[in-house]
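Summary of structural features
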Amino acid sequence: GRTGGGGGGSVAPRIVAPRPATPAMSRNLASLTASLQRETARSVRLSARINRVARGVGGLLSVRGMISTAGNIQRMYARGTLFPEVEEQADRTTA
C-alpha cells in the first residue's frame with residue numbers, strides 16, 4: 001500500500017556512511033578546535049576584567065554615597081534641620 005500523502009510509493013531513506021577523515025580534515029578540525037579554545041580563554045579573561053571593573057565602579061559609587069551622606073549630616077548640623085526650606089515655609093505660614 002501507499003504511505004504518506006504524496007502521490008508515489010514509499011521511498012526508504014538513503015543512509016550515507018561517513019567518509020573517513022583525511023589528514024587535511026583532521027588538521028582543519030584541530031586548527032578550529034585550537035581557535036575555539038583560544039577564543040574561549042580570551043572571553044573568560046575579558047569577563048574577569050569586566051567583573052573587576054564593575055566591582056571597582058560599585059566601590060566608587062559606595063564611597064560617593066558615604067561622602068554625600070556625610071555632607072548631608074554636616075548641613076543638617078549647621079542648619080539645625082535636614083529640610084531648611086520646608087521649615088522656613090512652615091515658619092512663614094505660622095507667623
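Each value, and the rule that gives it
Residues numbered from 1 in each chain as written. Predicted model: local features only at pLDDT ≥ 70, side-chain atom pairs only at ≥ 80, totals over all residues. Heavy atoms only, no water. Helix = DSSP H or I, 4+ residues; strand = E, 2+ residues; numbered from the N terminus. Buried < 20%, exposed > 50% of the residue type's maximum accessible area, 1.4 Å probe, protein only. Areas by Shrake-Rupley, 256 points an atom, 1.4 Å probe, with all protein chains shown as cover. Expected span 1.5 Å × (residues − 1). Patch = residues over 30% accessible without salt bridge, like charges linked within 9 Å, V, L, I, M, F, W, Y side chains within 5 Å. Salt bridge = Lys/Arg side-chain N within 4 Å of Asp/Glu carboxyl O. Lys, Arg positive; Asp, Glu negative; His and termini not counted. Charge placed at Lys NZ, Arg CZ, Asp CG, Glu CD.

1. A closer look at the overall build of the protein chain
When you go through the protein chain residue by residue, the secondary structure sums to 2 helices and 0 strands. Counting only residues that meet the buried cut, the protein chain has 3% of its 95 residues in that class. Put simply, the protein chain shows about 8,800 Å² of open surface, and 60% of that area lies on carbon and sulfur atoms.

2. Considering helix α1 (residues 23-79)
Here α1 spans 83 Å end to end across 57 residues, near enough to the 84 Å set by a 1.5 Å rise per residue. One or two positions beyond α1, positive phi appears at G80, with a value near 85°.

3. So, a negative patch on the surface
Together, E85, E87, E88 and D91 line one region of the surface with negative charge. Secondary-structure assignment places E88 in helix α2 (residues 84-94).

4. A look at the pattern of salt bridges
Evaluation of the coordinates by the stated rule reveals 1 salt bridge. The salt bridge involving R42 is made with E39; its shortest N-O contact spans 3.8 Å. Placement of the pair is R42 and E39 together in helix α1, with a separation of 3 residues, close to one helical turn.

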